[in-house]
Amino acid sequence: MLGVTLGGGVTNAAGDGASYNYSFWGETVEAPAAYQATELYSGADLGVGPLKEPSDLHVSSDQRIYVLDSGNNRVVVMNNRFTDAVTITSFDHDGKEDTFSNPQGLFVTDQNHVIVADTGNNRIVHLDQDFHLVKVIGAPESDLLQANFQFQPVRVVMDNAQRLYVMSTGVFDGFMEFNAEGVFTSFIGANRVKIDPIDYFWKRISTQAQRSQMIMYTPTEFTNLDIDNEGFIYATNGDQWGDNIKKLNAQGNDILRRTGYFNPQGDINYTVDAGPSRLIDIEVSDSEMYSVLDSKRGRIFTYNGDGHLMYIFGGIGNLLGEFKTPTAIERVGDDFIVLDKALGEITLFRTTAYGRTLNEAVRSYYRGDEEKAYELFNETINMNANLEFAYSGIGKALLRQGDYKDAMSYFDRSMDLANYSKSFLLYRKELLRDYFGTIMTLLVLGVVAFVGARIYRKSVRRKRGVSA
């Protein structure tokens, strides 16, 4: 707290891209690299010419890579080996050639339909797997929108029911939801308004004229979104002091689990001058793992479904694995690709043995394979004894297996008090169940012995009274 308040440096957290994590006490601790940058690709390397301010990318279910080359008003498509690249520069629209204008958002469905947030043309363009036009969604009309509303979509996703969720510039009411026919229906997941208590106090005592000159409080805008296979929307927002990562259900309620040592938010140690992380992209993987990109420091933070920080990599700089203006992240299998908007380059990060082991440990626990999770979490600890939540993972695996006593020791090591208490209660019940017969027998014998002793003493007293 003193470091943050006084502007002190981050302990061992490096702008040099060094790998680290955070302990239960909030201390920065060393960690093995989970990912390492191995290749760097420019537009020339892809054979499509320079990329100009690319803003988004997506990896389809068949592992094809789609890059939104915004400055060149095109979509670049390639395989996962970064070869055989093709470009989408135009499409047929009612018999005429149509093009994009400064597109900012891209999404690809499981059927390889391409959805583009065509920002400069104030519309959403939906193309099929052969890049033929399916439909165009223009500026919506609704009583929910202001009369002067200008539709500027910048990010978009589609669920399995073909509903679109659109992030539009200047919209503070959440994401715009469109049905399968492309009709706007509602807003979903608006951020709450954050009010400074001091400013609120002054507003309460100010005159109406003075209040009109003060800052108006509006909800924070979202910065990006992604959607998982179950239709839950994961989103990041520009709120630097609150919950800047959310998981929204169909009703727009935030159901993200935050049971880690700290709420998922990027860096937790920082100076006042640098400020907290600014998260600008989120990527949802399998087994409820998700990763967020910090544009301020160029780092990628990956969390498991409970909100435990798994690993950190990346940075701002000129070395391989560092960026100038990172703007988007995606997984290719178990690897990562990061898009640099300023340099027009894609960096490929491949997993290390440590990263693969940790990923598989989380997946095994998620699948309910306790034995495999136990084995893999133990391997992870052997490579990184500082990863405290891995001890909790072992404890959870043992808990599911019914080994409550050993689970307690691992939960104690990981400072997981809630699960420690749960294990203790179950262990106590187990002991009572195992020794119930013996305990009850001893109690009955004790009662019988006590009653017999009293009867004997009374009998002796009577005999003494008679003889007297």
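Residues numbered from 1 in each chain as written. Predicted model: local features only at pLDDT ≥ 70, side-chain atom pairs only at ≥ 80, totals over all residues. Heavy atoms only, no water.

The name recorded for the protein chain in an unreviewed UniProt entry is NHL repeat-containing protein, from Paenibacillus polygoni.

Trainee: Now, about the sheet that holds strand β21 (residues 279–284): what can you tell me, with residues and values included?
Mentor: Strand order across the open sheet formed by 4 strands is β21-β22-β23-β24, with antiparallel pairing between neighbours. Every interior strand has two partners, whereas the edge strands, β21 and β24 (309–314), have only one. With strand direction ignored, the average angle separating the axes of adjacent strands in the sheet is 20°. Bridge analysis of β21 against strand β22 (residues 290–294) gives 5 bridges, and the strand direction is antiparallel. Opposite Val284, over in β22, you have Tyr290 as the bridge partner. (Pairing = 2+ DSSP bridges. Helix = DSSP H or I, 4+ residues; strand = E, 2+ residues; numbered from the N terminus. Axes fitted to C-alpha atoms, helices over the stretch in contact; angles between N-to-C directions.)

Trainee: Now, about the pairing of β22: what can you tell me, with residues and values included?
Mentor: The element β22 is extensively covered by neighbouring structure, given that 5 of its 5 residues are classed as buried. Burial of the side chains of β22 extends over both faces: Tyr290, Val292 and Asp294 are buried on one face and Ser291 and Leu293 on the other. The antiparallel hairpin formed by β21 and β22 contains 5 residues in its connecting segment, where Ser287 sits at a positive phi of about 60°. Examined bridge by bridge, β22 and strand β23 (residues 299–303) share 5 bridges and lie antiparallel to one another. Bridging from a neighbouring strand, Ser291 pairs with Thr302 of β23. (Buried < 20%, exposed > 50% of the residue type's maximum accessible area, 1.4 Å probe, protein only.)

Trainee: Can you break down the UniProt feature "transmembrane region" (unreviewed entry) in the protein chain residue by residue, with the values?
Mentor: Mapped onto this numbering, the UniProt entry annotates "transmembrane region" (unreviewed entry) at residues 435–456. Taken end to end, residues 435–456 has its terminal C-alpha atoms 31 Å apart, with 95% of it in helix and 0% in strand. (UniProt positions renumbered as here; feature names shortened; annotations may be inferred.)

Trainee: So, the environment of Tyr290: which residues are in play, and what are the values?
Mentor: Structurally, Tyr290 is set in strand β22. In this structure the C-alpha to C-alpha distance between Tyr290 and Met310, which are 20 residues apart in sequence, comes to 9.9 Å. Those residues in contact with Tyr290 that sit more than four places away from it in its chain are Tyr234, Ile245, Leu256, Pro264, Ile282, Glu283, Val284, Phe301, Thr302, Tyr303, Asn304 and Gly307. (Contact = heavy atoms within 4.5 Å.)

Trainee: Break down the pattern of salt bridges for me, with residues and values.
Mentor: All told, the structure shown has 21 salt bridges when counted by the stated rule. Ionic pairing is found between Lys247 and Glu288, a salt bridge with its closest N-O pair at 3.7 Å. Taken together, the positions of Lys247 in strand β20 (residues 245–248) and Glu288 in the loop between β21 and β22 put the pair 41 residues apart, joining distant regions of the chain. Considered together, Lys247 and Glu288 belong to a single accessibility category, that of buried residues. For the salt bridge of Asp286 with Arg363, the shortest nitrogen-to-oxygen distance reads 2.7 Å. Here the residue Asp286 occupies a position in the loop between β21 and β22, and Arg363 occupies one in helix α5 (residues 353–367), the gap between them amounting to 77 residues. Each of Glu283, Asp286, Arg331, Asp334, Glu360 and Arg363 takes part in salt bridges that share partners, so that together they form one network. (Salt bridge = Lys/Arg side-chain N within 4 Å of Asp/Glu carboxyl O.)

Trainee: How would you summarise the sheet that holds strand β3 (residues 35–42) if you had to cite specific residues and measurements?
Mentor: Here 4 strands make up an open sheet; going across it, the order is β3-β27-β26-β25 and the pairing antiparallel. Lying at the two open borders of the sheet, with one neighbouring strand each, are β3 and β25 (326–332). Along the sheet, successive strands turn relative to each other by an average axial angle of 25°, direction set aside. The sheet contact formed by β25 and strand β26 (residues 335–340) spans 6 bridges and is antiparallel. Bridge pairing links Ile329 to Val338 in β26. Against the sheet, α5 makes contact with β3, β25 and β27 (345–351), and its axis sits at roughly 75° relative to β27, the strand it touches most.

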